[in-house]
Amino acid sequence: MRVAILRDSLPGETRVALLPDAVKALSSQGIEFAVEAGVGVHLGATDADYQAAGATIADRESLLGGADVFPSINILSADDQGKLKRGAVIAGFLRPLDEPGTFLPAVQRGATLFAMELIPRITRAQSMDALSSMATVAGYKAVLIAADHLPRMFPLLMTAAGTVPPAKVFVLGAGVAGLQAIATARRLGAVVEAYDVRAAAGEQVKSLGAKFLEVDLGGIETEDKGGYAKELSEEALNRGRDLIAKTCKTADVVIATAQVPGKRSPLLVRRDAVENMKAGSVIVDLAAMNGGNCELTQPGKTIQHGEVTIFAPLNVAASIPVHASQLYSRNMMQFLKLLLAKGQLNLDMNDEIIKGACVAHNGEIVNPRVASTLGAKA
Ligand code: NAD
């Protein structure tokens, strides 16, 4: 069983799927590792570190055609997928419900694909939860982006020259990224308010010292069995949008993180809400990857609308590559421990984690939701 770690070819990607400490831990289980030369050097993980951990160094072409398993951040390029040997295994962020077409070349080569996004959020899989790891990094960084751009300071300061009031930060969506944004903004001294459709998020928001905004959604079910938010009707969304517009009026910063897996991000901040914001205010739309929470968001761009700046970064975690890679690598290591138990590929489809994360096997899409998304997109 030969596991290969390649440089990620997605433009702007800086993370590495497995760092030397994880390679060392897995090598001791009889797994052979080979890494593309220079794969981690920008993170301070040199080829010598990988060799000391038990890996060999190889060129990309030989790894693509020769290795069995590819722990990855993003899906390999279509060109690279075409070079894989039959039956290769890829595990990474495959965006299976958003862009399932991108991994079809690998499926056609009989690859087995695991999407880190689909690992079920059960207790046993907590150490493999790469979505939470990356959301933690993104929530933290979003606040720093806003603080850096805001023409004000975050904390309340009482000085001989007078009092500086604290910044007001409004967080939309109190999942993992939102909660980390709240904690970070609070540490910087801001006053924080947050909104989420899941009532359960309220306690967590309050425990971080922020105010939770409640909207009467008419008693509808807002949460699915997995703890994720459900897609809301336009009518329910409108009830939230009015409160959001009112709160945006007095906010200095809006951090938007609301998402519904596999769907376009809910549109929560209307144009009029932005136009009524204070001069110099900042919106950081972390939901931009799936369209964004703000009507004016342009995914991947920073725009100025009147006196308001809207950031819509697409890969925030990659801007903190050392810690993002460290967390991801540990999540991946735990997943590989399960997948490559005793040095052999363990495709136990009775295992909830393996079955849940498996998207394709033996040339077929095995996840019904992904199959139906592909059918719908065809
Ligand atoms: P996510 O990225 O899918 O969404 C972010 C937040 O947006 C969520 O809190 C969601 O409720 C909210 N949201 C969606 N639509 C909205 C709307 N119209 N208006 C306002 N808010 C909206 O979420 P996530 O961070 O991946 O977390 C999802 C759930 O999973 C949460 O309940 C979280 O606590 C839970 N979780 C569990 C584990 C575990 O190991 N058990 C780990 C991580 C997260």
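The preceding data block contains the structure.
Below is a summary of the structure that appears in this document. Remember, predicted model here, so these are calculated numbers, not experimental data. (Residues numbered from 1 in each chain as written. Predicted model: local features only at pLDDT ≥ 70, side-chain atom pairs only at ≥ 80, totals over all residues. Heavy atoms only, no water.)

Some remarks on the overall build of the protein chain
Check the secondary structure of the protein chain and you find 13 helices and 17 strands. The C-alpha radius of gyration computed for the protein chain amounts to 22 Å, which stays within 12% of the reference 21 Å derived for 378 residues, consistent with globular compactness. Taking the principal axes of the C-alpha coordinates as reference, the protein chain spans close to 65 × 50 × 35 Å. Buried residues in the protein chain amount to 51% of all 378 residues. (Helix = DSSP H or I, 4+ residues; strand = E, 2+ residues; numbered from the N terminus. Rg over C-alpha atoms; globule rule 2.2 N^0.38 Å. Buried < 20%, exposed > 50% of the residue type's maximum accessible area, 1.4 Å probe, protein only.)

Notes on empty space enclosed by the protein
The full count for this structure, using the stated rule, is two cavities of 30 Å³ or more. Taken as a whole, the largest cavity encloses approximately 120 Å³ of empty space. Surrounding the largest cavity, 18 residues form its lining, L6, R7, D8, S72 and L76 being those nearest its centre. Only β1 (2-5) and β4 (69-74) provide two or more residues apiece to the lining of the largest cavity. Counting residues per element, the lining of the largest cavity draws most heavily on β4, which supplies five residues. Space inside the second largest cavity adds up to approximately 40 Å³. (1 Å grid on protein atoms, 1.4 Å probe; cavity = no way out; pocket = protein on both sides within 12 Å on 5 of 7 lines; lining within 4 Å. Points joined across faces, edges and corners; volume = space filled by probe spheres on them.)

Considerations on the site of the ligand
Near the ligand, the surroundings consist of 23 residues, among which R121, S132, V176, D196 and R198 are the closest. At 2.6 Å, a side-chain N or O of R121 approaches an oxygen atom of the ligand. One of the backbone nitrogen or oxygen atoms of Q259 is found 3.3 Å away from an oxygen atom of the ligand. For the ligand, whose accessible area on its own is 840 Å², the fraction buried by protein is 84%. Grouping the constituent residues of the shell around the ligand by class yields 12 nonpolar, seven polar and four charged. (Near = heavy atom within 4 Å. Polar contact = N/O pair within 3.5 Å; in protein donor to acceptor, adjacent residues only side chain to side chain. Areas by Shrake-Rupley, 256 points an atom, 1.4 Å probe, with all protein chains shown as cover. Nonpolar A, V, L, I, M, F, W, Y, C, P; charged D, E, K, R; others polar.)

As for the packing of aromatic side chains
Across all of its chains, the model carries two aromatic pairs by this definition. Note on F93 and Y328: the rings are 5.3 Å apart at their centroids and 55 degrees apart in plane angle, and the pair reads as tilted. A residue pair is termed long-range when its members are at least 10 positions apart, and F93 in strand β5 (residues 89-93) and Y328 in helix α11 (residues 321-339) qualify at 235 residues. By relative accessible area, Y328 is classed as buried at 0%. (Phe/Tyr/Trp six-rings, centres within 6.5 Å; stacked < 30°, edge-to-face > 60°.)

Digging into a nonpolar patch on the surface
The grouping of Y140, L144 and L188 at the surface amounts to a nonpolar patch, some 220 Å² of accessible area in total. Summarising the element assignment, L144 is placed in helix α6 (residues 130-149). (Patch = residues over 30% accessible without salt bridge, like charges linked within 9 Å, V, L, I, M, F, W, Y side chains within 5 Å. Salt bridge = Lys/Arg side-chain N within 4 Å of Asp/Glu carboxyl O.)

Quick word on helix α9 (residues 234-250)
When the terminal C-alpha atoms of α9 are compared, their 25 Å separation across 17 residues agrees well with the 24 Å that a helix rising 1.5 Å per residue should span. When we look at burial in α9, the residues that qualify are A236, L237, G240, R241, I244, A245, T247 and C248. Looking at the buried positions of α9, the neighbouring elements they touch are β9 (168-172), β10 (191-195), β11 (211-213), β12 (253-256) and α10 (271-275). (Expected span 1.5 Å × (residues − 1). Contact = heavy atoms within 4.5 Å.)

A word on the nonpolar core
Residues I5, L18, F33, Y50, F114, Y328 and F335 are the most contacted members of the largest nonpolar core, which totals 46 residues. Counting residues per element, this core draws most heavily on α11, which supplies eight residues. Apart from the residues lying within four places of it in its own chain, the contact partners of F33 are V3, I5, L18, V23, L26, S27, G54, A55 and T56. Judged by nonpolar contacts, the second largest core, of 31 residues, contains F154, A181, I182 and V192. (Core = buried A, V, L, I, M, F, W, Y, C linked by side-chain atoms within 4.5 Å.)

A short note on the pairing of strand β16 (residues 358-361)
Alignment of strand β6 (residues 112-115) against β16, held across two bridges, turns out to be antiparallel. Within β16, the position partnered with F114 by the bridge is C358. Pairing geometry for β16 and strand β17 (residues 364-365), over two bridges, is antiparallel. Bridge pairing in β17 places A360 opposite I365. Linking β16 back to β17 in an antiparallel pair, the connection comprises two residues, with N362 at a positive phi of about 50 degrees. (Pairing = 2+ DSSP bridges.)

Looking at the environment of A115
Position of A115 relative to the elements: it lies in strand β6. C-alpha separation for the pair A115 and R7, spaced 108 residues apart in sequence, amounts to 18 Å.

Regarding the sheet that holds β10
The seven strands lie next to each other as β11-β10-β9-β12-β13-β15-β14, forming an open sheet whose pairing is mixed. The open sheet is flanked by β11 and β14 (302-305), the only strands paired with a single partner. Taken over all neighbouring pairs, the strand axes of this sheet differ in orientation by 20 degrees on average, direction set aside. Of the strand pairs in this sheet, strand β13 (residues 282-285) and strand β15 (residues 308-311) are connected by three bridges, and their pairing is parallel. If you follow V284 over to β15, its bridge partner there is F311. The strands that α6 touches are β12, β13 and β15; relative to β13, the one it contacts most, it runs at about 155 degrees. (Axes fitted to C-alpha atoms, helices over the stretch in contact; angles between N-to-C directions.)

Some remarks on the pairing of β15
Judged by which residues are buried, β15 turns out to be covered on both faces: V308 and I310 on one side and T309 and F311 on the other are all buried. Bridge analysis of β14 against β15 gives four bridges, and the strand direction is antiparallel. Bridging from a neighbouring strand, H305 pairs with V308 of β15. Taking the residues between adjacent antiparallel strands as the criterion, β14 and β15 are bridged by two residues, where G306 takes a positive phi near 60 degrees.

These values are about where atoms sit, not about what they do.
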